[in-house]
Amino acid sequence: MYNSQRLKLLQQFTLPLADYPWHSRCHELKSINQVGLRCYIKRDDELGLLSAGSKLRKYLSLIPALQAEGISDVILIGSAFSNHILHCTPLLLQNNMRPHLFLLGSQDMPLLGNMLFTKLMVSEKQINWIHRCDWPNVMRLANDYSQQLTGKVKIIPEGAFIPESLPGAMTLAIDILRNEQQLDLEFQHVFIDAGSGLLAIATLLAFAWLGKESWLHILLLADDEQTFTDKLAHMTPFFCQLVGAKVDAPQRFSLHRPQQARSFGATNQRLWQKIHYYARNEGLLLDPIYSAKLFMAMETIVQQDQLIGNCLGIHSGGSLSLTGFHKQLSQLCNV
Ligand SMILES: *Cc1c(COP(=O)(O)O)cnc(C)c1O
């Protein structure tokens, strides 16, 4: 149950949006079902070219905001293999904005995975490689660089964690309600992964504002609990501004960390076996950075907490990053 009057308002507040696809389907996930529990997967991995996924939602409002500001040059910050950089770059090019990349890494890194495709779109001249020891100063370095550009510049931090991405990110909550209506059910539990945390925060605030009772399980892949809580507090006023009302602090959620390959980007054998299992048994390509860890965590939590009712896991996309792991994948294929 939720406040349907408010849903109408929320749909208005997320406008105007770019016309990228943002409706994704849900279907049943056989592997995690147990007595009294039905599990579903939301296929945000089917959104956009090359499995841009949930990220595309942020760009729904971010790109129009850049256009409205008359931006000509955009500085994107992130790792050399970042999904955000890979998927934001083409949208900038399509809209006549020049991308300038500040990438964590070095020029002599092997050309594979996401980076191969990013470098196909952006020449070395427009890439600034930042070594790990300088990474804490990346915002200042980007700022200094922006002074030398003649056009109107915008600096976008890692994961596009800025208020301009918030209205677009809110479409995830709206689309989950549409899935519920279509399937004629309610999800008691929703599982979502968090990198920068913006999509999880937008979903959490939208659910709270709507009075939606679903419990949100958030898997923190990059941040600790305190950082996530601080980010939630930072974004809340922007959400309140959008809906023009005070929003009570969300209560119905829990924060989790991966039990396997805990640090961001790390993988291990169990993770690869899980990816193999989902490919063979569910016909799903899970990426090793986000979704494989999410569905592993979902399996554990469902069991530990003896969840009942309907459960939804969001496949947030990023499947293209699998192309960076040829060795691990070819070993699985021989099994
Ligand atoms: C970026 C990303 C996320 C996390 O989104 P945030 O808003 O940064 O938390 C999840 N899954 C995939 C595949 C991503 O690329």
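Residues numbered from 1 in each chain as written. Predicted model: local features only at pLDDT ≥ 70, side-chain atom pairs only at ≥ 80, totals over all residues. Heavy atoms only, no water.

K.L.:
Help me out: how do you make sense of the side chain of N179 in this one?
P.N.:
Looking at where N179 falls in the secondary structure, it is placed in helix α7 (residues 171-183). For N179, the contacting residues outside a window of four places in its chain are S24, R25, C26 and K42. (Helix = DSSP H or I, 4+ residues; strand = E, 2+ residues; numbered from the N terminus. Contact = heavy atoms within 4.5 Å.)

K.L.:
I would appreciate a short explanation of the site of the ligand in the present structure.
P.N.:
Contacts to the ligand come from 14 residues, most closely from K55, G195, S196, G197 and S316. One nitrogen or oxygen atom from the side chain of N83 is found 2.8 Å from an oxygen atom belonging to the ligand. G197 places a polar main-chain atom, nitrogen or oxygen, 2.7 Å from an oxygen atom of the ligand. Within the complex, 98% of the 380 Å² of free accessible area of the ligand lies under protein. Among the elements of the structure, α2 (55-68), β7 (189-194) and α8 (198-210) are those that each provide at least two residues to the shell around the ligand. Among the residues making up the shell around the ligand, the classes are represented as four nonpolar, seven polar and three charged. (Near = heavy atom within 4 Å. Polar contact = N/O pair within 3.5 Å; in protein donor to acceptor, adjacent residues only side chain to side chain. Areas by Shrake-Rupley, 256 points an atom, 1.4 Å probe, with all protein chains shown as cover. Nonpolar A, V, L, I, M, F, W, Y, C, P; charged D, E, K, R; others polar.)

K.L.:
What am I meant to see in the sheet that holds strand β5 (residues 127-130) here?
P.N.:
Strand pairing within a sheet occurs via backbone hydrogen bonds; the two strands may be parallel or antiparallel. With respect to topology, four strands assemble into an open sheet ordered β5-β4-β3-β6, the strand pairing being parallel. Looking at strand neighbours, the two that pair on one side only are β5 and β6 (153-156), the edges of this open sheet. Going across the sheet, the axis of each strand differs from the next one's by a mean of 20 degrees, ignoring polarity. Direction of pairing for strand β4 (residues 98-104) relative to β5: parallel, over a ladder of four bridges. Each bridged residue has a counterpart across the sheet, and for L103 the counterpart in β5 is W129. In the packing of helix α3 (residues 83-94) onto the sheet, the strands contacted are β3 (73-79), β4 and β6, and the crossing angle to β3 comes to about 165 degrees. (Pairing = 2+ DSSP bridges. Axes fitted to C-alpha atoms, helices over the stretch in contact; angles between N-to-C directions.)

K.L.:
Can you help me understand the sheet that holds strand β10 (residues 309-315) in this one?
P.N.:
Strand order in the open sheet formed by six strands is β1-β2-β10-β7-β8-β9, and the pairing between neighbours is mixed. Two strands close off the open sheet at either side, each with one partner strand: β1 (26-28) and β9 (253-256). With strand direction ignored, the average angle separating the axes of adjacent strands in the sheet is 25 degrees. Here strand β2 (residues 37-43) runs beside β10; their pairing, made up of seven bridges, is parallel. Note that in β10 the partner of L37 across the bridge is G309. Taken strand by strand, α8 contacts β7, β8 (215-220) and β9, and its axis lies near 165 degrees from that of β8. Seen against the sheet, helix α11 (residues 291-304) touches β2, β7, β8, β9 and β10 and runs at an angle of roughly 165 degrees to β10.

K.L.:
For this particular structure, what's the right way to read the environment of L76?
P.N.:
Turning to its location among the elements, L76 is positioned in strand β3. Residues L76 and G159 lie 83 residues apart in sequence; the distance between their C-alpha atoms is 9.1 Å.

K.L.:
Explanation requested: helix α10 (residues 269-282) in the structure shown.
P.N.:
Structural remark: α-helix, 3.6 residues per turn; residues separated by three or four positions point the same way. The end-to-end C-alpha separation of α10 is 19 Å, in line with the 20 Å expected for 14 residues at 1.5 Å each. Listed in full, the buried residues belonging to α10 are L271, W272, K274, I275, H276, Y278 and E282. Its buried side turned inward, α10 meets β1, α11 and α12 (326-333). Just downstream of α10 lies G283, where phi reads positive at about 65 degrees. (Expected span 1.5 Å × (residues − 1). Buried < 20%, exposed > 50% of the residue type's maximum accessible area, 1.4 Å probe, protein only.)

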